[in-house]
Amino acid sequence: MYGIVNKSIEELVLANYGQEKWEDIKSKSNINIEYFISSESYDDDVTYQLAGTIAKELNVSVDDVLRLFGEWWILHTGKNHYGYMLESGGDNFRTFMLNLPSFHNRVMMMYPKLTPPEFKVTNVEDRSLHLHYFSKRKGLTAFVYGLMTGLGKFFNTNVTTQHLESIQGENTHEIIKVVWKIQ
Ligand code: HEM
C-alpha cells in the first residue's frame, strides 16, 4: 500500500503512545524502514506487520487495531490532508455513502498505482443501507467498520455497523448493514 497508509499508522502511535513506543513497534515488526514516503508503494506486508505488532503491544486484537485505525484515517489523515475530498463526497453521511462507490476514482488521480477497494450500496433506506465491500486484500473488514464510525463522527451522525454476510471467493466480498441516526 502507499506510504501514506503506514505514515498514518505511525502518526496514530506517536500521538497516543509516543516516539519510544513507535521505535519499539517498528523494530518488532522487522520492517527496516527509516521513514515512510507518502507517494511510494510499499509491500502490503509492512502494513499487516505493523497492525499485528501494535495489537500484541496493546494486548488487543488485530481487528481492534484496524477499527481504531479506520476512525483515525478519517478524523486525522482524511480531515487534515484530504478534507476537500471528504467534503466533495457529500454534505451528510447518507449522501457520502451513496457517492462512496466512485470515491477512490478520485484518489487514483493522486495515487495512480492504487489497488483500491470497491464499494456498492444496496437496500438503501432513509437511515440504513447495505454496504458491499470488495477487495483484492484479505482481513481488512474491521478497518471498514472503523471508517464508517469515523465518517459518522465527521458528519455528526451516530453510525452502527452489523456484519451480514461473507461471500466466499478468490477476492473479499463482505456485506455490512450500516445504520445511522443524525445527532
Ligand atoms: C480521505 C481520503 C482518502 C484517501 C486519500 C484514500 C486513499 C487510500 C489509499 C492510498 C489506500 C491504500 C491502497 C493502496 O495503496 O493500494 C486506501 C485503501 C483503502 N481505502 Fe481509502 N482513501 C480515502 C478515503 C476512504 C474512505 C472514505 C473509505 C471508505 C469508507 C476508504 C476505504 C478504504 C479501504 C477499505 C482501503 C483498504 C484497501 C483494500 O480494502 O483493499 N478510503 N485508501
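Residues numbered from 1 in each chain as written. Predicted model: local features only at pLDDT ≥ 70, side-chain atom pairs only at ≥ 80, totals over all residues. Heavy atoms only, no water.

(A) Main features of the environment of Val-60. Position of Val-60 relative to the elements: it lies in the loop between helix 3 (44-58) and helix 4 (62-88). Relative accessible area serves as the criterion here: at 35%, Val-60 is assigned to the partly exposed category. Leaving out residues up to four positions away in the same chain, Val-60 has contacts with Ala-55 and Val-65. (Helix = DSSP H or I, 4+ residues; strand = E, 2+ residues; numbered from the N terminus. Buried < 20%, exposed > 50% of the residue type's maximum accessible area, 1.4 Å probe, protein only. Contact = heavy atoms within 4.5 Å.)

(B) Representation of the pairing of strand 3 (residues 157-166). In terms of strand pairing, strand 3 meets strand 4 (residues 172-182) through 9 bridges, oriented antiparallel. Paired with His-163 across the two strands is Ile-176, which belongs to strand 4. (Pairing = 2+ DSSP bridges.)

(C) Layout of the packing of aromatic side chains. One pass over the full model with this rule turns up 9 aromatic pairs. Consider the rings of Phe-36 and Tyr-42, whose centres lie 5.3 Å apart with planes at 85°: the pair is edge-to-face. A residue is classified by how much of its surface remains accessible, and Phe-36, at 4% relative accessible area, is buried. Aromatic rings pair up to connect Phe-96, Phe-103, Phe-154 and Phe-155 into one cluster. (Phe/Tyr/Trp six-rings, centres within 6.5 Å; stacked < 30°, edge-to-face > 60°.)

(D) Highlighting the coordination of the iron atom of the ligand. On the protein, His-104 (NE2) is the one donor atom to the iron atom of the ligand, at 2.2 Å. Note that His-104 resides in helix 6 (residues 103-110). (Donors = N, O, S within 2.8 Å, 3.2 Å for Na, K, Ca; no water.)

(E) Layout of the pairing of strand 2 (residues 128-135). For strand 2, the tally of buried residues reaches 7 of 8 residues, placing the bulk of the element in the interior. Where strand 1 (residues 118-122) lies against strand 2, 5 bridges are found, and the strand directions are antiparallel. Considered in strand 2, the bridge of Val-121 is made with Leu-131. The hairpin turn running from strand 1 into strand 2, its antiparallel successor, is 5 residues long, and Asn-123 in that turn takes a positive phi close to 50°. Pairing between strand 2 and strand 4: 8 bridges, direction antiparallel. By the bridge assignment for strand 4, His-130 is matched with Lys-177.

(F) Molecular detail of the packing of helix 1 (residues 3-17) against helix 4. Viewed as axis vectors pointing N to C, helix 1 and helix 4 meet at an angle of 105°, and their least axial separation amounts to 10 Å. Here helix 4 runs roughly perpendicular to helix 1, going by the angle between their axes. Residue-level inspection shows Ile-4, Val-5, Ser-8, Ile-9, Glu-11, Leu-12, Ala-15 and Asn-16 of helix 1 in contact with helix 4, the latter providing Leu-68, Phe-69, Trp-72, Trp-73, Thr-77 and Tyr-82. Grouping the amino acids of the contact of helix 1 with helix 4 by side-chain chemistry returns 10 nonpolar, 3 polar and 1 charged. (Axes fitted to C-alpha atoms, helices over the stretch in contact; angles between N-to-C directions. Parallel < 35°, antiparallel > 145°, perpendicular 65-115°, else oblique. Nonpolar A, V, L, I, M, F, W, Y, C, P; charged D, E, K, R; others polar.)

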